[in-house]
There are 2 protein chains.
Amino acid sequence: MYRIVIYPHQKQDSLINLLSDQEHYLRRVVRLNNGQNFIAMDGKGYSWEVKLTDKGGEIIHVIEENRELSIEVTLMVALPKGNGFEDIIRCTTELGVNKLQPVISHRTLLKPSENKWERWHKIAVESAEQSERQIVPYIAKPIPVMEAFTTMKKLNIPKYIAVARTDAPHLLNFLTRDLWDSPSQIIIATGCEGGWNTDEIQWAIASNFQEVSLGKRILRAITAPITAMSLISGVMETNNK
Amino acid sequence: MYRIVIYPHQKQDSLINLLSDQEHYLRRVVRLNNGQNFIAMDGKGYSWEVKLTDKGGEIIHVIEENRELSIEVTLMVALPKGNGFEDIIRCTTELGVNKLQPVISHRTLLKPSENKWERWHKIAVESAEQSERQIVPYIAKPIPVMEAFTTMKKLNIPKYIAVARTDAPHLLNFLTRDLWDSPSQIIIATGCEGGWNTDEIQWAIASNFQEVSLGKRILRAITAPITAMSLISGVMETNNK
């Protein structure tokens, strides 16, 4: 069934007021007619099966489904060049990420404009719909990396920083141990092209981030967060079996 | 240090005859001068540190390094639309894949041309160089999916088929059990947009493929093989710690 993400104000009792682009999508793109059903989700965890009518959408019933991980995952991603961050949003949304915090590190070349953020949010919405999630990941505004480490310092949750060419143990070693205790949140930071510089790694360690490896090979800035997220969701979903 | 992949015939005793595009890359793109060193690898497991000279490359010594997984991984990938397979080659090469077998399934829309294959091979070479691997993954020519299952039927190694909306256990459950015995090879098949059809899944099971899940969410055709490869290399590299 087709899915759309709605804003809270669109739901009024058992009616959903469709926005014009949603109406266009449902009637013209996926070609639903009056009387046919779709799924509306508020991106915060609630979903409804809805019938398309002339008035918009009539809620038929609440949908009880949960494809979310039972842990809140924040990926802190040093922005890669070009449109790389868009691929990261797509893939990690499918894999269950909750928050993406783009950061500007010493080696970051990209200077994202304000309308980039709107595009990123739109990609997160589309990917959440396609992957049939209940929650739309929150894409934060980019901040300097040192500020991000400092803000996260006081959070007493598992925090990792992925480093290439390191002797640090593999992330998977930590996950199988740390996620067993069912922490409510977890954070992992991945670098951009050329990796973190020494100051950044030191600052991360001083902010109680654990250095981890994502394997012996050198991953691109796009591949690293997808790999980390694959491992996190894999461990979470086998722990719960 | 910069890396290039050479053909076997380019190495003659302690000399490496550079091809014109390799010479161009080393001298014009990364701007090496005579007397500066780079790494030449044959893509089959051997690497040498080489000095750039007017005669081409003079081998200084053999490099003993190994960033390869201690298992041979074949990904059988139903070709996604557009250039999606190129992203799959890039990411999974970085993650240590050995062979990519593109297959044409019932829902495959792409009809790849012959020169696509050359482009795919080139991407595998570049990704192997960038991720500092010793081996260039072999990209096979696309074949019909049923033929691929039948050919692989007799191989007595762990074989998996990733299926969406399934009750099958997560791939990670099988990996932690099956890779513990150190099999020499492993195969995993992932579908294209819309997934496998029922016949394909039945045929895979009849060919001794194990149905597996890659998590509760619906992954795109591009994300599924990257996720599978992340899990395989993660388990292999923590088993060996």
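Bear in mind the structure is a predicted one, so any value in this text is a computation, not a measurement. (Residues numbered from 1 in each chain as written. Chains lettered and ligands numbered in written order. Predicted model: local features only at pLDDT ≥ 70, side-chain atom pairs only at ≥ 80, totals over all residues. Heavy atoms only, no water.)

Trainee: Is there a simple way to explain helix α5 (residues 171-178) of chain B in this structure?
Mentor: The complete set of buried residues in α5(B) reads B:Leu171, B:Leu172, B:Phe174, B:Leu175 and B:Asp178. Down the axis of α5(B), the smallest arc covering the buried residues is 160 degrees, so these residues share one side. (Buried < 20%, exposed > 50% of the residue type's maximum accessible area, 1.4 Å probe, protein only. Helix = DSSP H or I, 4+ residues; strand = E, 2+ residues; numbered from the N terminus. Arc of directions from axis to C-beta.)

Trainee: What should I look at first to understand the sheet that holds strand β3 (residues 15-16) of chain B in this one?
Mentor: By way of backbone hydrogen bonds, the strands of a sheet pair with one another, either parallel or antiparallel. Residue and element names in this part refer to chain B. Within the open sheet, the 6 strands sit side by side as β1-β4-β5-β6-β3-β2. Their pairing is mixed. Pairing within the sheet leaves two strands with one partner each, and these edge strands are β1 (3-5) and β2 (11-12). Strands β1, β4 (37-41) and β5 (47-53) of the sheet are contacted by helix α1 (residues 20-29), whose axis makes an angle of about 175 degrees with β1. (Pairing = 2+ DSSP bridges. Contact = heavy atoms within 4.5 Å. Axes fitted to C-alpha atoms, helices over the stretch in contact; angles between N-to-C directions.)

Trainee: Whenever I open this one, the relation of the copies chain B and chain A confuses me. Can you help?
Mentor: Once turned by 180 degrees and shifted 0.0 Å along the axis, chain B lies on chain A with an RMSD of 0.0 Å. Taken together, the rotation and translation describe the operation of a two-fold axis. Taken together, the interface assignments show that 100% of the residues at the interface of chain B recur at the interface of chain A, consistent with an identical surface on both copies. (Least-squares fit on C-alpha atoms with pLDDT ≥ 70 in both.)

Trainee: Explain the domain arrangement of chain A here, please?
Mentor: It is common to give the size of an interface as the accessible area lost on bringing the parts into contact. Residue and element names in this part refer to chain A. Looking at chain A, the domain boundaries give domain 1 (3-63) and domain 2 (72-239). The centre of domain 1, based on its C-alpha atoms, is set 32 Å off from the matching centre of domain 2. Contacts between domain 1 and domain 2 engage 8 residues on the former and 8 residues on the latter. Buried surface at the junction of domain 1 and domain 2, both sides included, amounts to about 680 Å², of which 56% is carbon and sulfur. Counting the surface domain 1 buries against domain 2, the share from its top three residues, Arg 3, Val 5 and Met 41, is 62%. Our enumeration of links across domain 1 and domain 2 arrives at 1 salt bridge. Glu 132 is the salt-bridge partner of Arg 3, the closest N and O atoms lying 3.7 Å from each other. (Domains from an automatic or database assignment. Buried area = accessible area lost by both parts, 1.4 Å probe. Salt bridge = Lys/Arg side-chain N within 4 Å of Asp/Glu carboxyl O.)

Trainee: Sorry, what's going on with the sheet that holds strand β1 (residues 3-5) of chain A here?
Mentor: Residues and elements named next belong to chain A. Sheet architecture is open: 6 strands sit in the order β1-β4-β5-β6-β3-β2, paired in mixed fashion. Each edge of the open sheet carries a strand with a single partner, namely β1 and β2 (11-12). Alignment of strand β5 (residues 47-53) against strand β6 (residues 56-63), held across 7 bridges, turns out to be antiparallel. Residue pairing across strands places Ser 47 opposite Ile 63, the latter belonging to β6. Against the sheet, helix α1 (residues 20-29) engages β1, β4 (37-41) and β5, with an angle of about 175 degrees to β1.

Trainee: Got a minute to help me understand the pairing of β6(A) in this structure?
Mentor: Each regular strand carries side chains that alternate between the two faces of the sheet. Residue and element names in this part refer to chain A. Examined bridge by bridge, strand β3 (residues 15-16) and β6 share 2 bridges and lie antiparallel to one another. Across the sheet, the residue bridging to Ile 16 is Gly 57, located in β6. Hairpin connection of β5 to β6: 2 residues between the antiparallel strands.

Trainee: What should I look at first to understand helix α3 (residues 114-130) of chain A in this one?
Mentor: Structural remark: α-helix, 3.6 residues per turn; residues separated by three or four positions point the same way. Residues and elements named next belong to chain A. The end-to-end C-alpha distance of α3, which contains 17 residues, comes to 25 Å, matching closely the 24 Å that a straight helix rising 1.5 Å per residue would cover. Listed as buried for α3 are Trp 120, Ile 123, Ala 124, Val 125, Ser 127, Ala 128 and Glu 129. Contact partners of the buried residues in α3: β1, β4, α2 (84-94), β8 (99-104) and β9 (138-139). Downstream of α3 by a residue or two, Glu 132 has a phi angle that is positive, lying close to 65 degrees. (Expected span 1.5 Å × (residues − 1).)

Trainee: Help me out: how do you make sense of the pattern of salt bridges in this one?
Mentor: Should their charged atoms come close, side chains of opposite charge can pair. In total, this model carries 26 salt bridges over all chains according to the counting rule given. Note that A:Glu94 and B:Arg220 form a salt bridge whose closest N and O atoms lie 2.5 Å from each other. Placement of A:Glu94 in helix α2 and of B:Arg220 in the loop between β13 (210-212) and α7 (223-239) is noted, with the two residues assigned to different chains. A relative accessible area of 2% means that A:Glu94 is categorised as buried. By relative accessible area, B:Arg220 is classed as partly exposed at 25%. Taking the shortest distance from any N to any O, the salt bridge between B:Arg165 and A:Glu132 comes out at 2.9 Å.

Trainee: Looking at this structure, how should I read the packing of aromatic side chains?
Mentor: In this description, a pair of aromatic rings is defined by centroid distance and the angle of the planes. Applying the stated criterion across every chain, the model contains 8 aromatic pairs over all chains. Measuring from centroid to centroid gives 5.0 Å for B:Phe149 and B:Phe209, while their planes differ by 75 degrees, and the two rings are edge-to-face. Placement of the pair is B:Phe149 in helix α4 (residues 145-153) and B:Phe209 in the loop between α6 (198-206) and β13, with a sequence separation of 60 residues. Note on accessibility: B:Phe149 and B:Phe209 belong to one class, buried. Taking 6.0 Å as the distance between ring centres and 50 degrees as the angle between the ring planes, the aromatic pair formed by B:Tyr160 and B:Phe174 counts as tilted. Here B:Phe174 lies in helix α5 and B:Tyr160 lies in strand β11 (residues 159-162), a separation of 14 residues in the sequence. Judged by relative accessible area, B:Tyr160 falls into the buried class, the value being 1%. On the basis of relative accessibility, which here comes to 9%, the residue B:Phe174 falls in the buried class. What links up through ring pairs into an aromatic cluster is the set A:Phe149, A:Trp196 and A:Phe209. Over the ring of A:Trp117 we find A:Lys141; its NZ or CZ atom is 4.7 Å from the centre of that ring. (Phe/Tyr/Trp six-rings, centres within 6.5 Å; stacked < 30°, edge-to-face > 60°. Lys NZ or Arg CZ within 6 Å of the ring centre and 35° of its normal.)

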